[in-house]
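Observations on the model geometry
Residues per chain, in single letters:
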Amino acid sequence: MDVLHVILQILLGITSLLLTLLILLHKGRGGGLSDMFGGGMSSGLASSGVAERNLNRFTVILGVTWGLVIIALGLLMRFMGASDS
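Residues numbered from 1 in each chain as written. Predicted model: local features only at pLDDT ≥ 70, side-chain atom pairs only at ≥ 80, totals over all residues. Heavy atoms only, no water.

Quick notes on the side chain of Thr-59
- Tracing the chain through its elements places Thr-59 in helix α3 (residues 49–84).
- By relative accessible area, which is 12% here, Thr-59 ends up buried.
- A polar atom in the side chain of Thr-59 sits 2.7 Å from the backbone oxygen of Leu-55.
- Those residues in contact with Thr-59, other than ones at most four positions away along the chain, are Leu-19, Leu-22, Ile-23 and His-26. (Helix = DSSP H or I, 4+ residues; strand = E, 2+ residues; numbered from the N terminus. Buried < 20%, exposed > 50% of the residue type's maximum accessible area, 1.4 Å probe, protein only. Polar contact = N/O pair within 3.5 Å; in protein donor to acceptor, adjacent residues only side chain to side chain. Contact = heavy atoms within 4.5 Å.)

Points about helix α1 (residues 2–25)
- The end-to-end C-alpha distance of α1, which contains 24 residues, comes to 35 Å, matching closely the 34 Å that a straight helix rising 1.5 Å per residue would cover.
- Of all the positions in α1, only His-5, Leu-8, Thr-15, Leu-19 and Leu-22 are classed as buried. (Expected span 1.5 Å × (residues − 1).)

Take a look at the structure:
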């Protein structure tokens, strides 16, 4: 069980970093903090519709994976703690 616990923790760290990176890659919609940092300015280098859609898909898939890893870690910790008592 310790090996599974370590693997899930490593996977959680990797997915957390990748999810943060993918979220930061999204185009700012304006009206929030993105305007403060220059995200409200339109640029000719903005991503196309297909690229933005693919980025959305990857972000959702990675977010679901991140959530499942957290649930698996929680269940593993709960049942590991119950078996130790």
